[in-house]
Amino acid sequence: MNKILRNLLTRLVIDPSYFYGWEQEQMPWKKLEMQDFLIPKPPPVFISCKSGHSAEIHWLTNKQGENIPYRCCAECGYELMNLQEIRCWSPVLEPILKQLVQKFEIRGVMQAVIPNVFWKLGRKKTKEFVYIRRLLPDEREMILKELMTMPQAVVITGTKATLQKIQQEKIENLSISLEEIAEINEQGEFHLNFPIIADILGDLVKPVYKPSRLKTPPKRDQFAAKIEKLTRELKQYLKNAREHALATAKNSNIQFLPPPTMEELAKWTNMSKSSVYRCINDKEANTLKFLWDKAHDTKAILQ
Ligand SMILES: [Zn+2]
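Bear in mind the structure is a predicted one, so any value in this text is a computation, not a measurement.

## Side note on the packing of helix 9 (residues 262-269) against helix 10 (residues 273-280)
Argument step 1. One can describe the packing of helix 9 onto helix 10 by two numbers: an axis separation of 8 Å at closest approach and a directional angle of 110°. Judged by the angle between their axes, helix 9 and helix 10 are roughly perpendicular. Listed contacts from helix 10 to Met262, Glu263, Leu265 and Ala266 of helix 9 are Lys273, Val276 and Tyr277.
Argument step 2. Its residues placed into classes, the contact of helix 9 with helix 10 shows five nonpolar, no polar and two charged.

## Some points on the packing of helix 8 (residues 219-249) against helix 10
Argument step 1. Two elements in contact, helix 8 and helix 10, have axes separated by 10 Å at closest approach and are oriented at 90°. Of the possible angle classes, the one that applies to helix 8 and helix 10 is roughly perpendicular. Together, Lys226, Ile227 and Leu230 of helix 8 and Ser275, Val276 and Cys279 of helix 10 make up the contact between the two elements.
Argument step 2. A per-class count over the contact of helix 8 with helix 10 returns four nonpolar, one polar and one charged.

## Focus on the sheet that holds strand 7 (residues 88-91)
Argument step 1. Strand order in the open sheet formed by three strands is 1-7-2, and the pairing between neighbours is antiparallel. Looking at strand neighbours, the two that pair on one side only are strand 1 (19-20) and strand 2 (38-41), the edges of this open sheet.
Argument step 2. As defined by bridge partners, strand 1 adjoins strand 7 across two bridges and the pair is classed as antiparallel. Within the sheet, the bridge partner assigned to Phe19 lies in strand 7 and is Trp89.

## A short note on the domain arrangement of the chain
Argument step 1. Looking at the chain, the domain boundaries give domain 1 (14-91), domain 2 (94-205) and domain 3 (219-301).
Argument step 2. Computed over C-alpha atoms, the centres of domain 1 and domain 3 are 94 Å apart.

## Topic: the pairing of strand 9 (residues 118-124)
Argument step 1. For strand 8 (residues 111-114) and strand 9, the ladder comprises three bridges, and the chain directions are antiparallel. Bridge pairing links Gln111 to Lys120 in strand 9.
Argument step 2. If you look at the hairpin formed by strand 8 and strand 9, you'll find three residues sitting between the two strands, and Asn116 has a positive phi there, around 75°.
Argument step 3. Relative to strand 10 (residues 127-132), strand 9 runs antiparallel, the two sharing six bridges. Note on strand 10: the bridge partner recorded for Trp119 is Tyr131.
Argument step 4. Linking two consecutive strands that pair antiparallel, namely strand 9 and strand 10, is a turn of two residues; a positive phi of about 55° is found at Lys125 within it.

Conventions adopted
- Residues numbered from 1 in each chain as written.
- Predicted model: local features only at pLDDT ≥ 70, side-chain atom pairs only at ≥ 80, totals over all residues.
- Axes fitted to C-alpha atoms, helices over the stretch in contact; angles between N-to-C directions.
- Helix = DSSP H or I, 4+ residues; strand = E, 2+ residues; numbered from the N terminus.
- Parallel < 35°, antiparallel > 145°, perpendicular 65-115°, else oblique.
- Contact = placed C-beta atoms within 7 Å.
- Nonpolar A, V, L, I, M, F, W, Y, C, P; charged D, E, K, R; others polar.
- Pairing = 2+ DSSP bridges.
- Domains from an automatic or database assignment.

Below, the structure written as structure tokens:
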């Protein structure tokens, strides 16, 4: 669980949203600014005083010419503030999505389906990925209507709370929240938690298996090599059979070698009998079939 990313995503549900320097929650403001996850905003005009009243911020200039902010409450009076306290930032979603797309290796052009709310991120392998920032009541119908058109898409929501809302809807999409699968560290660096993604999305994040063609030739190649071997063997057999027949013919008592069985062919070529059977009956092994038939035709052997 990562507080920094969760804080950003939680604020990003509201529009417009701000972080203020006086908040209890301390964030690595500068680092987040450098990553463009936060953009500095002008200081607020009103803030609340320690008692919770609405107080206006006044600026007074000291002798050094510096502007000093004061909180000015109608009931509690003036109070000096420091500049850091009244700093203000807005969280920005696009740089977070860019990091997600880049680190997760999602390909394609990011496209807003519903501006500011729903994005098509691109594809990874066969899956399309979409991002849903929030599911507010007035946007709900529009979002669900879009989702109906892409039941195969993987939905990534910002917060876990949005994910739970999405999962309560009648949609078929596989869904996860960015809050669960990513983090931003104290250095402002975005990281994906691949083991957690693998648990949820399985095969989608495993590396593609590329079999080596050199080590194991494709099945058809192996099969073709067997056909060639059997063809050579049968040619040799026919040559021997013809010579044997001609030699015995001189004694006017012509003798033919017994025709080979598939079992014998298998033994001679060091193959299984089933391989021999499949090769001889293969539609493309015309020569082999011709030689096989010839070996079983005594008249043909002499031709
Ligand atoms: Zn007050």
